[in-house]
Every structure is written in C-alpha cells, then in structure tokens.
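# Summary of the model geometry
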Amino acid sequence: MSGMRWLVDGYNVIRRAPELRSREQQSLEAGRHALCALLVGVARISHDTFTVVFDGAEAGGRGAGGAGVTVLFSSARESADHVLAKMAREGGAVVSNDREVRRAAERAGAVVVTTDQFLARLDQSRSVTVGAGAAEPESEKDEGDDPVRGPRKGNPRRLSKKERATRRALGRLGRGELPAR
C-alpha cells in the first residue's frame, strides 16, 4: 500500500503542541528531535512519509529524521514557508497554521490541514487506542479567512471538496495504534 506525502511546517507544529514546545524550551534540537520521533511512529503505522521543513541558516540542507521522516532546513535566503509552498506543487498534504502557507498550498492543489487539526487527530487516535474512548472533536475555529460568497449549489449537508480531502488525509492518521507523544 502506498502512503501519503505530508509536508510539515516544523516549528509551527512544535509551538502548538505543549509537549513539543516544552522540549523546544530545552533546546531547538530537542524540540526538532521530539517532533521527528513522533512522526516516525506515525509513519510506521500509517505507511505515510513526512517531510518536516524548518527555517535554517546559511545554505540550508537536510537532516536525519528517522524512518519515513525527512528533515529539510531552508537556506538563509529562503524561509521554510516558501520551501513548503514550492513543495506543495508536487502534491500531498501540507500541515501549517500559517495563513500564507495554507493559501499557497491550496493554490498549488495540495490538501491543507491546520496544525491544530493534525495534532487533534493524533491525540484522538491515541486516546481511542489507549481505551479512553473517542475524544470529542475539536471545534473548528473560523478565522474569517474566506471571502463571503453567494449561496452554495448542491447538497447543503455535504462537505466541500477541500473539506472532504482534508478529512480523508486526517483519517489516514487514525489507522492502527499511534505512539504516545
């Protein structure tokens, strides 16, 4: 079975997850390592691949992430956000709360998943496998990003194509037992 390609805004995810943020407070490297360890466990179960992009310095480059996880550092001339936007053109799902990254990924035709949706799905999958029961889905926050449009055509109870693609991507993360964060 072939897996899905995930492009992850590294520092954005680290700074939204309390456990990862506390590791980053020890050192940037500890935060990056904790995120990669989490994603290696998810990759093992989901058979998906993860490319984590961090802001880098000088010439940028690649780092070791573990099985199923590639780490990229942007160069000093180019932000991690710009690297993610370029990579989104090649397809996959982009994980970021950054509005510009999400817009660029959407324009490129990639599936867009917010950091909060991604982390909530990992938490929900973990709580189900640990036997705590299904976690309550986190309420969606309307940031007012989308312009007001005329009435939608079609079935009003059906999710939009974008929303269905996001749910399918997140659903992939729920298979099997996910490791504890």
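Worth saying up front: this structure is predicted, and the values here are computed from it rather than measured.

Let us now look at the confidence of the model for the chain. Regions with low pLDDT should not have their predicted coordinates read in detail. Per-residue confidence for the chain averages 80 on the pLDDT scale, and 76% of its residues sit at or above 70. Of all helices and strands in the chain, the one with the weakest mean pLDDT is helix α6 (residues 115-130) (76), whereas strand β5 (residues 93-95) scores best (96). Under a pLDDT of 50 for its full length, residues 128-148 has, in the predicted model, 19 contacts with residues more than four places off or in other chains. Ignoring residues within four places in sequence, the model shows residues 176-181, a span with pLDDT below 50, making 23 contacts including any to other chains.

Right, let's get into the sheet that holds strand β1 (residues 5-9). Taken in spatial order, the 6 strands make up an open sheet running β3-β4-β2-β1-β5-β6, and their pairing is mixed. Strands at the two margins of the open sheet, each flanked by one partner only, are β3 (61-64) and β6 (111-113). The mean inter-strand angle of the sheet, taken between neighbouring strand axes irrespective of direction, is 25 degrees. By the bridge criterion, 4 bridges tie β3 to strand β4 (residues 69-73) in an arrangement that is antiparallel. Bridge pairing in β4 places G63 opposite V71. Running at roughly 165 degrees to strand β2 (residues 49-54), helix α3 (residues 28-46) makes contact with β1, β2 and β4 of the sheet. Running over the sheet, helix α4 (residues 80-88) touches β1, β2, β4 and β5 and is turned about 165 degrees from β1.

Take the nonpolar core next. Formed by 32 residues in total, the largest nonpolar core has its most connected members in W6, F50 and F118. Ranked by residue count, the leading element in this core is α3, at 8 residues. Beyond its immediate stretch of four places on either side in the chain, W6 contacts D48, T49, F50, T51, A93, V95, V113, F118, A169, L170 and L173. Counting residues in each nonpolar core, the second largest holds 13 residues, with L7, M87, V94 and A105 among its members.

Inspection of the entire model under this criterion finds 5 aromatic pairs. On the numbers, 6.0 Å between centres and 15 degrees between planes, the contact of W6 with F50 is stacked. Of the two residues, W6 sits in strand β1 while F50 sits in strand β2, which places them 44 residues apart along the sequence. Between W6 and F118, the aromatic rings sit 5.5 Å apart at their centres with planes inclined by 50 degrees, giving tilted as the arrangement. Taken as a pair, W6 in strand β1 and F118 in helix α6 lie far apart in primary sequence, 112 residues in all. F118 carries the same exposure label as W6, and that label is buried. A network of ring pairs unites the aromatic residues W6, F50 and F118 as a single cluster. Residue placement shows R32 over the ring face of F54; its charged tip is 5.9 Å from the ring centre.

Conventions and cut-offs
- Residues numbered from 1 in each chain as written.
- Predicted model: local features only at pLDDT ≥ 70, side-chain atom pairs only at ≥ 80, totals over all residues.
- Heavy atoms only, no water.
- pLDDT = per-residue confidence, 0-100.
- Helix = DSSP H or I, 4+ residues; strand = E, 2+ residues; numbered from the N terminus.
- Contact = heavy atoms within 4.5 Å.
- Pairing = 2+ DSSP bridges.
- Axes fitted to C-alpha atoms, helices over the stretch in contact; angles between N-to-C directions.
- Core = buried A, V, L, I, M, F, W, Y, C linked by side-chain atoms within 4.5 Å.
- Buried < 20%, exposed > 50% of the residue type's maximum accessible area, 1.4 Å probe, protein only.
- Phe/Tyr/Trp six-rings, centres within 6.5 Å; stacked < 30°, edge-to-face > 60°.
- Lys NZ or Arg CZ within 6 Å of the ring centre and 35° of its normal.

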